[in-house]
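# Overview (structure and organization)
Each chain, letter by letter, is given below.
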Amino acid sequence: MKSLSTCLLLMLMFAGIGDASAEDGHRLWLRMVSPKQQAEIRVGDNMIVTKTVEIAIDELSRFWRRNEEIVMSGSVTPISDDGFRITRKGGTITLTASTDVGMLYGAYELLRRQETGQKIENNQVVSETPRYQFRVLDHWDNMDGTIERGYAGRSVFFKNGKVDFDKDIIREYARANASIGINMVVINNVNASPKVLDEKTLFHIADIADILRLYGIRLCLSVNFASPMSLDSLKTADPLDEQVRDWWKEKVMQIYKLIPDFGGFLVKANSEGQPGPMDFGRSHADGANMLAEVLRPHGGIVMWRAFVYAQNSPDRASQAYEEFMPLDGTFMNNVILQIKNGPIDFQPREPVSPLFYGIQKTRLMPEFQITQEYTGESIHTCFLAPMWREFFDEIAANARQGSRRHFTAVSGVSNVGNSVNWCGSDMAQANWYAFGRLAWNPDMTSEQIAREWLQQTFSKADKFVSPMTAMLCQSHEAVVSYMMPLGLHHIFAGGHHYGPEPWCHQPGWREDWLPRYYHKADSTGVGFDRTRTGSGNVAQYPQRLADLYDNVETCPEKYLLFFHHVPWNSVWERLCRRYDMGVSQAEGFAETWRSVEKYVDMERYERQLKRFERQAKDAWWWRDACLLYFQQFSKMPLPQDCPAPRHKLDDLMRFSLRMDNYTAADMDKLP
Ligand code: BDP
């Protein structure tokens with residue numbers, strides 16, 4: 001064995017990490033403080049010290065504060081999938097892994113335990129392997145530097161139509177991802193510009209991949225299906241055309257020459273106006289398989305999105321299932337269908353997409369949305385772990401035996417941008433963290449995740465951690481309650497998806513982009529009838545669930561108006577009370593925050609307090625807009641003990657935020 005701690009001091013390359021200025025939020029959950037004396041890290045002879053292992057050693061030697069020495073040892077028996085084992089005997093901790101990335105993950109686990117006060121007892125064995133093989137972060141970054149549905153500034157990868165990045169930032173970004181186990185990133189928007197595959201662009205993208213690789217992360221790209229036509233003037237992008245196939249083959253070879261560990265393609269095809277195989281009379285499977293075939297020899301995958309819905313269909317919730325079920329079993333095995341968790345579109349709450357139960361012979365991966373497009377952007381605190389847990393729990397309870405094996409990957413649409421604190425708000429960082437932790441281990445509870453994030457990000461004091469954990473874990477339900485309780489969905493303003501506009505009417509817009517398509521409020525009641533006698537959507541679920549959802553008596557209340565059109569007299573009071581519950585919870589957030597003031601630095605305290613205050617105001621906005629609008633149909637008074645509205649419906653209907661580029665000042669104009 002040899003000691004490496006001294007030579008690693010020379011790794012100036014990483015010196016900047018962790019030293020960022022005080023409390024601007026830039027250090028995320030990685031706020032370890034170096035001890036005066038560096039820890040002794042020994043490396044077993046059976047381990048090859050790659051650059052990734054060097055990073056692991058560097059992290060431990062700089063931040064391990066315990067008296068124990070750490071021995072890093074290659075594993076004699078293989079530990080699967082970048083897993084690791086940690087054991088302690090007396091004053092020696094041994095970290096064992098089969099791969100260098102496994103070693104890095106083990107190092108971060110040790111540091112996480114140190115920072116959250118979880119001791120490793122004598123003779124204890126901590127053994128971890130990730131549940132999902134690919135833990136993917138999807139960025140919706142455009143090459144002009146904007147980010148679709150991004151609320152944290154501009155892209156860290158692109159600017160002015162070009163690849164443009166700061167090496168230190170990418171290194172910090174990669175480090176943060178590695179610390180929570182993320183091992184793949186797609187750096188550009190699913191609404192992909194063909195230009196991303198331009199040779200010159202790829203050349204620069206390879207520089208990003210070089211940094212990510214050190215942290216065990218494979219880079220992927222979203223591709224535009226018509227790229228051969230836009231980039232090289234081919235007459236068609238038909239996936240069965242020889243010339244088109246050759247074009248992709250060449251392109252993929254070009255990519256792998258530059259990026260030998262390239263992860264693969266993410267494709268949004270024949271969806272919301274994007275080109276796809278159906279433009280040429282071919283199926284999704286034809287398109288996906290064509291790409292899969294050229295990627296396979298290099299070890300690449302195709303993540304083919306199932307987010308499709310044709311115009312003017314009677315029920316958008318049924319479409320992906322109708323389009324993809326007949327194709328089950330026809331996809332190559334390096335194709336993974338990437339399916340949004342719910343059948344509509346990242347709503348604050350939706351049932352699980354029926355495709356997760358139906359598809360049996362094709363690999364699947366859920367797509368979550370970390371960026372808060374529909375849950376208050378980076379302004380509202382909405383901790384999403386409870387929502388993602390709901391998904392994992394429902395799948396575990398209802399999927400046919402064995403079908404869980406299809407889940408080899410999980411993805412989340414990132415909330416990262418170039419703002420100093422990465423996510424636009426300090427609280428939104430918790431969702432990036434939670435996504436990584438759940439992708440690694442979907443059995444973790446929301447409380448565990450919230451707790452460890454708070455301890456590392458703010459303070460270990462129990463008087464801070466306990467109330468804040470409770471608040472975070474309540475926040476998703478609160479947002480659902482003041483925005484869209486009881487199964488309501490998609491009643492947002494057109495365009496920005498921040499505020500309520502159940503009345504929204506935009507001449508010329510697609511029906512299914514407008515709230516009235518979804519809430520169907522009229523004089524008889526409210527809600528979308530998806531029962532067997534309605535749109536029939538319930539029938540896409542396994543029998544037990546179909547029966548459960550079909551019957552208004554047994555349908556879980558949280559999905560009531562998703563599956564049923566319910567008469568006002570049986571739902572009005574419940575609706576009012578739910579909205580009120582959400583409002584009072586949101587008001588409580590600011591109170592909780594005030595009560596923990598002394599545990600938080602001024603900068604982050606003030607910044608967050610403003611957001612909580614805004615959130616409480618917005619909760620009132622949501623509540624009044626929806627209840628006053630629905631009241632026009634219900635013609636029923638608010639229950640006596642419910643507070644009177646603070647706004648007038650007419651005023652709210654006149655108020656509108658400009659799409660995507662409104663400011664805090666604009667919001668303050670809320671009547
Ligand atoms: C919707 C977003 C839109 C995305 C689309 C998608 O509003 O910006 O392009 O999803 O996932 O939620 O493709």
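Scoring rules and cut-offs
Residues numbered from 1 in each chain as written. Predicted model: local features only at pLDDT ≥ 70, side-chain atom pairs only at ≥ 80, totals over all residues. Heavy atoms only, no water. Helix = DSSP H or I, 4+ residues; strand = E, 2+ residues; numbered from the N terminus. Rg over C-alpha atoms; globule rule 2.2 N^0.38 Å. Contact = heavy atoms within 4.5 Å. 1 Å grid on protein atoms, 1.4 Å probe; cavity = no way out; pocket = protein on both sides within 12 Å on 5 of 7 lines; lining within 4 Å. Points joined across faces, edges and corners; volume = space filled by probe spheres on them. Buried < 20%, exposed > 50% of the residue type's maximum accessible area, 1.4 Å probe, protein only. Arc of directions from axis to C-beta. Near = heavy atom within 4 Å. Polar contact = N/O pair within 3.5 Å; in protein donor to acceptor, adjacent residues only side chain to side chain. Areas by Shrake-Rupley, 256 points an atom, 1.4 Å probe, with all protein chains shown as cover. Sits in = over half its atoms within 2 Å of the grid points. Nonpolar A, V, L, I, M, F, W, Y, C, P; charged D, E, K, R; others polar. pLDDT = per-residue confidence, 0-100. Salt bridge = Lys/Arg side-chain N within 4 Å of Asp/Glu carboxyl O. Pairing = 2+ DSSP bridges. Axes fitted to C-alpha atoms, helices over the stretch in contact; angles between N-to-C directions.

Turning our attention to the overall build of the chain. Scanning the chain for helices and strands turns up 21 helices and 18 strands. In summary, the chain has a C-alpha radius of gyration of 25 Å against a globular reference of 26 Å for 671 residues, a match within 12%. Seen through its C-alpha atoms, the chain measures out along the principal axes to roughly 80 × 65 × 50 Å. For the chain, contacts bridging at least 24 residues in sequence account for 72% of all contacts bridging at least 6.

What follows is about the layout of surface pockets. Counted as a void, the second largest pocket has a volume near 500 Å³. Together, 27 residues line the second largest pocket, and Arg-149, Glu-272, Glu-373, His-497 and Trp-513 are the ones closest to its centre.

Here we come to helix 16 (residues 543–550). Taken residue by residue, helix 16 has Leu-545, Ala-546 and Tyr-549 as its buried positions. Projected down its long axis, helix 16 shows its buried positions confined to an angular sector of 100°, all on one face. Facing away from the buried side of helix 16, by more than 90 degrees, are the exposed residues Gln-543 and Arg-544. Where helix 16 is buried, its residues contact helix 10 (355–358), helix 11 (385–398) and helix 17 (560–563).

Near the ligand there are 14 residues, and of these Glu-148, Lys-268, Arg-305, Lys-340 and Glu-373 occur at the shortest range. In this structure, an oxygen atom belonging to the ligand sits 3.0 Å away from a side-chain N or O atom of Asn-191. Isolated, the ligand exposes 320 Å² of accessible area, and the fraction of that covered by the protein chains is 97%. Structurally, the ligand is housed in the second largest pocket. Its residues assigned to classes, the shell around the ligand comprises four nonpolar, two polar and eight charged.

Before going further, it helps to spend a moment on the confidence of the model for the chain. Of all residues in the chain, 95% have pLDDT values of 70 or greater, and the mean over the chain is 93. Considering only residues more than four positions removed or in separate chains, one finds that residues 1–21, a stretch of pLDDT under 50, has 42 contacts.

Scanning the model with the defined rule gives 44 salt bridges in all. A salt bridge links Arg-245 to Glu-293, with the nearest nitrogen and oxygen atoms 3.2 Å apart. With Arg-245 in helix 7 (residues 242–258) and Glu-293 in helix 8 (residues 284–295), this residue pair connects regions lying 48 residues apart in the sequence. The class of Glu-293 is partly exposed, set by a relative accessible area of 41%. Taking the shortest distance from any N to any O, the salt bridge between Lys-268 and Glu-272 comes out at 2.8 Å. Here the residues in one salt-bridge network are Arg-349, Glu-390, Glu-394, Glu-477 and Lys-558, joined through shared partners.

Bringing the sheet that holds strand 7 (residues 134–138) into the picture now. One closed barrel accounts for eight strands, arranged 7-10-11-12-13-14-15-16; its pairing is parallel. Going across the sheet, the axis of each strand differs from the next one's by a mean of 25°, ignoring polarity. Each of strand 11 (218–223), strand 12 (264–267), strand 13 (301–305) and strand 14 (335–340) touches helix 8; the most contacted strand, strand 13, lies at about 160° to it.

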